[in-house]
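What follows is each chain in one-letter form.
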2 protein chains.
Amino acid sequence: MADRKQFAELATQLRATISVMRGMARTLPGDCQVASVGVLSVISRHGEMRIGRLAELLDIDMSVTSRHVAHLADRGWIERAPDPLDKRSRLLRLTTRGDAVLRTAQDHIAGVLADRLDGWPDEDVERFTELLARLRADFTTA
Amino acid sequence: MADRKQFAELATQLRATISVMRGMARTLPGDCQVASVGVLSVISRHGEMRIGRLAELLDIDMSVTSRHVAHLADRGWIERAPDPLDKRSRLLRLTTRGDAVLRTAQDHIAGVLADRLDGWPDEDVERFTELLARLRADFTTA
DNA sequence: TATTGTTATACTCTATAACTATA
DNA sequence: TATAGTTATAGAGTATAACAATA
């Protein structure tokens, strides 16, 4: 088991990672915000869903999710179909344009990463991705 | 070299990591905010410095740094000594209380990590920390 | 009554621009 | 003139609480 000092160092590096992400976010094209990419990405991955489920997957409050969704719907990037099982809810899905916006944003970010992580062996990128996923999993399940 | 798809997956996991950090931030004790921990941590690591240098190390604008510093000084967590070489600047350093606040926050975060990453082998924690540091380095130098 | 979602309000963190004091 | 720092203002992202509609 790692000791306190190692975890403190890990925490420092995790904090610094937020700066890196913020810097990358600033380079996003058009009026597409990071939060929008997150929403579009989740819907694209998991398919049609309601706001409540989306909020759960994003791990943010439903009130916030509701605002994000309204923002995206205003731009025509997602559509809200009636939920046949519950008139209080609507089912969210990406429009063709929304899908295009998501792809553009993802390509852009992947491009920035590919550029900066130029010297990284394939194996390190995979391992890094896996460790981040494990971190998330260990925080989500508990 | 990793392909686009791998980098897109890495981006997704990095985005999710921010959620994890936000969750951890919510559990911080007292009125100590994450941004405060960042400031205290940098001064503690690098020693006495001016606002400009602090902003550079934190990678945030000096105006924002100035506000954070004022916040910390109000609480008596840092002190601002005159800079003998330049009357426009002051040298920032942690007070005894500031150091205590930092240690408490760091212990808290390290504790949360230790708790959630219970099953992680020592080696994985080290490797993870190193990969995060490398990510930051590769984004900072370019 | 309980649940789904929306809206009003407020807080944290950040950036840009205008300003003051000193170099 | 240029630089260090502060302050005013604005925007993105979030949470809490009060609310409307439906279950």
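Residues numbered from 1 in each chain as written. Chains lettered and ligands numbered in written order. Predicted model: local features only at pLDDT ≥ 70, side-chain atom pairs only at ≥ 80, totals over all residues. Heavy atoms only, no water.

A.B. asks: Would you mind showing me how to read the overall build of chain A here?
C.D. replies: Regarding its fold elements, chain A presents 6 helices and 2 strands. Scanning chain A from its N terminus toward the C terminus, one meets helices and strands in the order α-α-α-α-β-β-α-α. Taken along the three principal axes of its C-alpha coordinates, chain A extends 50 × 35 × 25 Å. Every one of the 142 residues in chain A was classed for burial, and the buried ones make up 45%. Of the accessible surface of chain A, which amounts to about 7,500 Å², a share of 50% is contributed by carbon and sulfur atoms. A distance of 7 Å separates the average location of the 21 positive side-chain charges in chain A from that of its 21 negative side-chain charges. (Helix = DSSP H or I, 4+ residues; strand = E, 2+ residues; numbered from the N terminus. Buried < 20%, exposed > 50% of the residue type's maximum accessible area, 1.4 Å probe, protein only. Areas by Shrake-Rupley, 256 points an atom, 1.4 Å probe, with all protein chains shown as cover. Lys, Arg positive; Asp, Glu negative; His and termini not counted. Charge placed at Lys NZ, Arg CZ, Asp CG, Glu CD.)

A.B. asks: Just checking my understanding: could you explain the protein's contact with DNA strand D for this structure?
C.D. replies: Among the 23 residues in the neighbourhood of DNA strand D, the closest are listed as Gln 33 of chain A together with Gly 52, Ser 66, Arg 88 and Ser 89 of chain B. In this structure, a base oxygen belonging to DNA strand D sits 2.8 Å away from a side-chain N or O atom of Ser 63 of chain A. The contact in question runs from a base oxygen of DNA strand D to an N or O atom on the side chain of Arg 88 of chain B, over 2.3 Å. Among the secondary structure elements, those contributing two or more residues to the surface near DNA strand D are helix H2 (34–46) and helix H4 (62–74) of chain A together with helix H1 (4–26), helix H3 (51–58) and helix H4 (62–74) of chain B. Its residues placed into classes, the surface near DNA strand D shows 6 nonpolar, 7 polar and 10 charged. (Near = heavy atom within 4 Å. Polar contact = N/O pair within 3.5 Å; in protein donor to acceptor, adjacent residues only side chain to side chain. Nonpolar A, V, L, I, M, F, W, Y, C, P; charged D, E, K, R; others polar.)

A.B. asks: What is the right way to look at the protein's contact with DNA strand C in this model?
C.D. replies: The local shell around DNA strand C holds 23 residues, among which Ser 66, Arg 88 and Ser 89 of chain A together with Gln 33 and Ser 63 of chain B are the closest. The sugar-phosphate share of atoms of DNA strand C within 4 Å of the protein amounts to 69%. The side chain of Ser 89 of chain A places a nitrogen or oxygen atom 2.7 Å from a sugar or linking oxygen of DNA strand C. At 2.9 Å from a phosphate oxygen of DNA strand C is found a main-chain nitrogen or oxygen belonging to Lys 87 of chain B. Split into classes, the residues belonging to the surface near DNA strand C amount to 6 nonpolar, 7 polar and 10 charged.

A.B. asks: Can you help me understand the interface of chain B and chain A in this one?
C.D. replies: At the junction of the two partners, chain B supplies 58 residues and chain A supplies 57 residues. For the chain B and chain A pair, buried surface summed over both sides reaches about 6,100 Å², with 65% attributable to carbon and sulfur atoms. Ranking the residues of chain B by area buried against chain A places Arg 15, Arg 116 and Phe 139 of chain B at the top, with a combined share of 11%. Linking chain B with chain A are 7 salt bridges. Taking the shortest distance from any N to any O, the salt bridge between Glu 9 of chain B and Arg 45 of chain A comes out at 2.7 Å. Here chain B is connected to chain A by 14 residue pairs in polar contact (both at pLDDT 80 or more). (Contact = heavy atoms within 4.5 Å. Buried area = accessible area lost by both parts, 1.4 Å probe. Salt bridge = Lys/Arg side-chain N within 4 Å of Asp/Glu carboxyl O.)

A.B. asks: Explain the relation of the copies chain B and chain A here, please?
C.D. replies: Put simply, the two copies of the chain differ by a rotation about an axis and a shift along that axis. Once turned by 180 degrees and shifted 0.0 Å along the axis, chain B lies on chain A with an RMSD of 0.1 Å. Taken together, the rotation and translation describe the operation of a two-fold axis. In this assembly, 97% of the residues forming the interface of chain B have copies in chain A that are likewise at the interface, indicating an isologous arrangement. (Least-squares fit on C-alpha atoms with pLDDT ≥ 70 in both.)

A.B. asks: Honestly, the packing of aromatic side chains in this entry has me stumped. Any pointers?
C.D. replies: Remark: the centre distance and the inter-plane angle together describe each pair of aromatic rings, the angle taken between the planes. The full count for this structure, using the stated rule, is 3 aromatic pairs over all chains. Ring centres of Trp 120 of chain A and Phe 128 of chain A lie 5.7 Å apart, and the angle between their planes is 45 degrees; this geometry places the pair in the tilted category. Note on accessibility: Trp 120 of chain A and Phe 128 of chain A belong to one class, buried. The ring of Trp 120 of chain B has Arg 134 of chain A sitting right over it, with the charged end atom 4.5 Å from the ring centre. (Phe/Tyr/Trp six-rings, centres within 6.5 Å; stacked < 30°, edge-to-face > 60°. Lys NZ or Arg CZ within 6 Å of the ring centre and 35° of its normal.)

Just geometry here; none of it tells us what the structure is for.
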